[in-house]
Amino acid sequence: MNPGSVKISPEWREALRKEFESEYFDTLTITLRQMINMGIPVYPAGPLIFNAYNQLAPKDIKVVILGQDPYHNPGEAMGLSFSVPKGVKIPPSLKNIYKELVLDQNCYFPESGDLSSWSKQGVFLLNAFLTVEHNKAGSHRNIGWQQFTDATINYLSSHFDGIVFMLWGNFAKSKKGLIDSERHLVLEAAHPSPLAGNAFSGCQHFSKANTYLVSKGKSPVDWQIR
């Protein structure tokens, strides 16, 4: 990894200064550099590792959707949880998210899997692990990212009010302890993966989020992907 190609916004660099200056983050960076130098494919590409952070300043975040790790096939990961670039086949979990949108928001089923329009409206699409090796799901769960993203969730919970946290699946639900539920809305559901059957269907998280945001004087999210 070329450190010059991996940038994060000044707002986040200041908010997470302790993490960037920590020993574990130095080790994480060295580990990634070594993998790249050895020719091991790592996703997403360097400039997209902090894509979710660079899309939104902390103060502009209204909703957090927590994923686990990036897609591990070429051309899929773009640094936004559950999202793939335009033109890439929509993954199974995202298909189920879209099915819930149709039910809950009366949306039409999108043709694109690019969720960037959500980011532009204040939806922070955060993966717990920001990188992954080719075809090895969860391969970077122990290199330090979890400590970094836990600190991210902690920062948002303690410095702001009225954020909606959507926790889908047992892994995401395990982060509930990092969130002050008196200051924020925590929504829990099964993971949208087909492996969970239809358990995600009917959670109504998108309408619940908008109802809460409006109650806090914030604008609702237009969930339709166009």
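In the block above lies the structure referred to throughout.
Residues numbered from 1 in each chain as written. Predicted model: local features only at pLDDT ≥ 70, side-chain atom pairs only at ≥ 80, totals over all residues. Heavy atoms only, no water.

A.B. asks: Residue-level account of the packing of aromatic side chains, with values.
C.D. replies: Considering all chains together, one arrives at 24 aromatic pairs under this definition. Measuring from ring centre to ring centre gives 5.0 Å for Phe 20 and Phe 25, while their planes differ by 70°; the resulting arrangement is edge-to-face. Residue class for Phe 20 comes out buried when judged on its relative accessible area of 12%. Measuring from centroid to centroid gives 6.1 Å for Tyr 155 and Phe 160, while their planes differ by 70°, and the two rings are edge-to-face. Connected via pairs of aromatic rings, a cluster forms that spans Trp 12, Phe 20, Tyr 24, Phe 25, Phe 50, Tyr 53, Phe 124, Trp 145, Phe 148, Tyr 155 and Phe 160. Over the ring of Phe 20 we find Arg 13, and its NZ or CZ is 4.5 Å from the ring centre. (Phe/Tyr/Trp six-rings, centres within 6.5 Å; stacked < 30°, edge-to-face > 60°. Buried < 20%, exposed > 50% of the residue type's maximum accessible area, 1.4 Å probe, protein only. Lys NZ or Arg CZ within 6 Å of the ring centre and 35° of its normal.)

A.B. asks: Mind laying out the pairing of strand β3 (residues 123-127), listing which residues take part and the relevant values?
C.D. replies: Most of β3 sits inside the fold, with five of its five residues counted as buried. With burial as the criterion, each face of β3 is covered, one bearing Val 123, Leu 125 and Asn 127 and the other bearing Phe 124 and Leu 126. As paired strands, strand β2 (residues 63-67) and β3 are joined by five bridges and run parallel to one another. The partner of Leu 66 across the bridge, within β3, is Leu 126. (Helix = DSSP H or I, 4+ residues; strand = E, 2+ residues; numbered from the N terminus. Pairing = 2+ DSSP bridges.)

A.B. asks: An account of the sheet that holds strand β5 (residues 164-168) is requested, with residue identities and associated values reported.
C.D. replies: Taken in spatial order, the four strands line up as β3-β2-β5-β6 in an open sheet, and their pairing is parallel. Each edge of the open sheet carries a strand with a single partner, namely β3 and β6 (185-189). Each neighbouring strand pair of the sheet contributes to a mean axis angle of 20°, computed without reference to strand direction. Those strands touched by helix α7 (residues 145-159) are β2, β3 and β5, and its axis lies near 155° from that of β3. (Axes fitted to C-alpha atoms, helices over the stretch in contact; angles between N-to-C directions. Contact = heavy atoms within 4.5 Å.)

A.B. asks: For helix α3 (residues 23-37), give the residues involved together with the corresponding values.
C.D. replies: Between the first and last C-alpha of α3 there are 21 Å, a value that for 15 residues agrees with the 21 Å anticipated at 1.5 Å per step. For α3, every residue scored as buried is listed here: Tyr 24, Phe 25, Leu 28, Thr 29, Leu 32 and Met 35. Here the buried residues of α3 occupy an arc of 140° about the axis, which is enough to place them on one side. Among the exposed residues of α3, those oriented more than 90 degrees off its buried face are Glu 23 and Asn 37. Tucked inside the fold, the buried residues of α3 contact α2 (17-20), β1 (42-43), β4 (132-133) and α7. Following α3 by one or two positions, Gly 39 adopts a phi angle in the positive range, close to 85°. (Expected span 1.5 Å × (residues − 1). Arc of directions from axis to C-beta.)

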